[in-house]
Amino acid sequence: MAHQIHVDVTTQDGASIAYVVHHPTTTPCPGRHPLLLCRGWGMVKEDSNGLAAELCAASQRDVLAFDNRGSGDSRLPPATIVRAAVITFEAMADDCAAVLMHWGSQSGAAAATIQAHVFGVSMGGHIAQIMALRYPRLVASLTLGCTHYGGPEHARVSREYRKLLVNEPPRGPSVAKWKAWLAYMHASLAINFAPGFDKNEPERFNRFLDSFVAVEIARPSGGKEAQMAAINRFNQRGVQAELKKLQNPVLIVHGEQDQVIPVENAALLCAALRNSKQHIFPTLGHMFWDEDCLAAVRVLDQFFLAHDGDSSGQSKL
């Protein structure tokens, strides 16, 4: 079991990043790096609770989850007018470093010794790649889940998912509009799992759906759109060439039944990264960690344990 510590850190540009530390109920094992979770488009730190608790308990390490700029309890710099100017993956990568350094200062660690295993999924995988490129010394290992390196050579997001992105109906005020919006939310979530998950496991799916809807209703205005603009810029530019510089150990994990980001991207990433390996979950979809949390934890924790104490590269800090 773990208990949660809720914290806020102010970044150099004045943003306030909310994060939570999942802390073991016993003293963390010596030599275990913390784990930093980078979440996907529109997701919030609470979406990580199940996975974070399991990973925290598996090897008695701190697990850090935070709200990206434009999501949850994080706040943009004061008097920000143009969100796209401050919601960039470079700024989000700097936020990752700020969260990790703040955790280290609160834990009494010397700045030169602070490192973490960094695990990014989907959009969070884009952020994690940029963090590793900007702050390689902070990254003990890098895990990239259901993501890609952008640019012209990556395997594009599925046509079905692109259709959903541009066809969201307005919600309310009429009953008919609410029903149409809820049906859209159902379809938007279902595509993140393996085909048929919503029908085969309706109780689990509906719990995910209730949380998904609640987060969407509470979302800060404009944040999700600015995050999507950052995704589009990454898709066009990419970091394929830069990845060759990374020496950090990398694990690439993907569900073979991914209906959002094609599984072919796992092999492309593996080819671009010199110190990498991949693991494919044959029956799982985009959100593989929610479909089979324990299977994901077994693979992830084995990799983290193998690289506790690893380090490479130089940080700009």
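Everything below is about the structure printed above this text.
This write-up is about the structure you can find in this document. (Residues numbered from 1 in each chain as written. Predicted model: local features only at pLDDT ≥ 70, side-chain atom pairs only at ≥ 80, totals over all residues. Heavy atoms only, no water.)

Next up on the list: a positive patch on the surface. Where like charges cluster on the molecular surface, the positive patch consists of R156, R159, R162 and K163. Turning to its location among the elements, K163 is positioned in helix α5 (residues 159-166). (Patch = residues over 30% accessible without salt bridge, like charges linked within 9 Å, V, L, I, M, F, W, Y side chains within 5 Å. Areas by Shrake-Rupley, 256 points an atom, 1.4 Å probe, with all protein chains shown as cover. Salt bridge = Lys/Arg side-chain N within 4 Å of Asp/Glu carboxyl O. Lys, Arg positive; Asp, Glu negative; His and termini not counted. Charge placed at Lys NZ, Arg CZ, Asp CG, Glu CD. Helix = DSSP H or I, 4+ residues; strand = E, 2+ residues; numbered from the N terminus.)

So, on to the pattern of salt bridges. What the rule picks out here adds up to twelve salt bridges. One salt bridge connects D73 with K45, and the closest N-O pair in it is separated by 2.8 Å. Here D73 is found in the loop between β4 (63-66) and α2 (83-86), whereas its partner K45 is found in the loop between β3 (35-38) and α1 (49-59), with 28 residues between them in sequence. Since its relative accessible area comes to 2%, K45 is described here as buried. (Buried < 20%, exposed > 50% of the residue type's maximum accessible area, 1.4 Å probe, protein only.)

With that settled, consider a nonpolar patch on the surface. A surface patch of nonpolar side chains, about 250 Å² in accessible area, is lined by W178, L182 and I217. If you trace the backbone, I217 turns up in helix α8 (residues 202-218). A relative accessible area of 43% places I217 in the partly exposed class.

A separate point is the side chain of K224. Structurally, the position occupied by K224 is in helix α9 (residues 223-237). Classification of K224 as buried rests on a relative accessible area of 13%. Beyond its immediate chain neighbours, meaning those up to four positions away, K224 contacts W41, G70, E216 and R219. (Contact = heavy atoms within 4.5 Å.)

With that out of the way, let us pick up unusual backbone geometry. The phi angle at S122 is positive, at roughly 55°, despite the residue not being glycine. By the element assignment, S122 lies in the loop between β5 (116-121) and α4 (123-134). Look at S122 and you get buried, because its relative accessible area is 15%. Its identity is not glycine, yet C146 carries a phi of approximately 45°, on the positive side. You can see C146 is positioned in the loop between β6 (139-145) and α5.

As a further point, take the pairing of β3. Residues of β3 alternate between two faces, with L35 and L37 on one and L36 and C38 on the opposite face, all of them buried. As defined by bridge partners, β3 adjoins β4 across three bridges and the pair is classed as parallel. Bridging across to β4, L35 finds its partner in V63. Tracing the backbone out of β3, into α1 and back to the parallel element β4 gives a crossover that is right-handed. Pairing of β3 with β5, which is carried by four bridges, proceeds in the parallel orientation. Residue pairing for β5: L35 is matched across the bridge by H117. (Pairing = 2+ DSSP bridges. Right-handed = clockwise from strand over helix to strand, strands pointing away.)

Glancing now at the packing of aromatic side chains. Following the criterion strictly, the structure yields eight aromatic pairs and no others. Measuring from centroid to centroid gives 4.4 Å for F193 and F197, while their planes differ by 15°, and the two rings are stacked. Each member of the pair, F193 as well as F197, carries the same accessibility label: buried. Between F193 and F205, the aromatic rings sit 6.1 Å apart at their centres with planes inclined by 75°, giving edge-to-face as the arrangement. Of this pair, F193 sits in the loop between α6 (175-190) and α7 (197-200) while F205 sits in helix α8; the two residues are twelve residues apart in sequence, bridging distant segments of the chain. You'll find F193 and F205 in the same group, each marked buried. Geometry around W181 places R171 over its ring, the cationic atom sitting 5.1 Å from the centre. (Phe/Tyr/Trp six-rings, centres within 6.5 Å; stacked < 30°, edge-to-face > 60°. Lys NZ or Arg CZ within 6 Å of the ring centre and 35° of its normal.)

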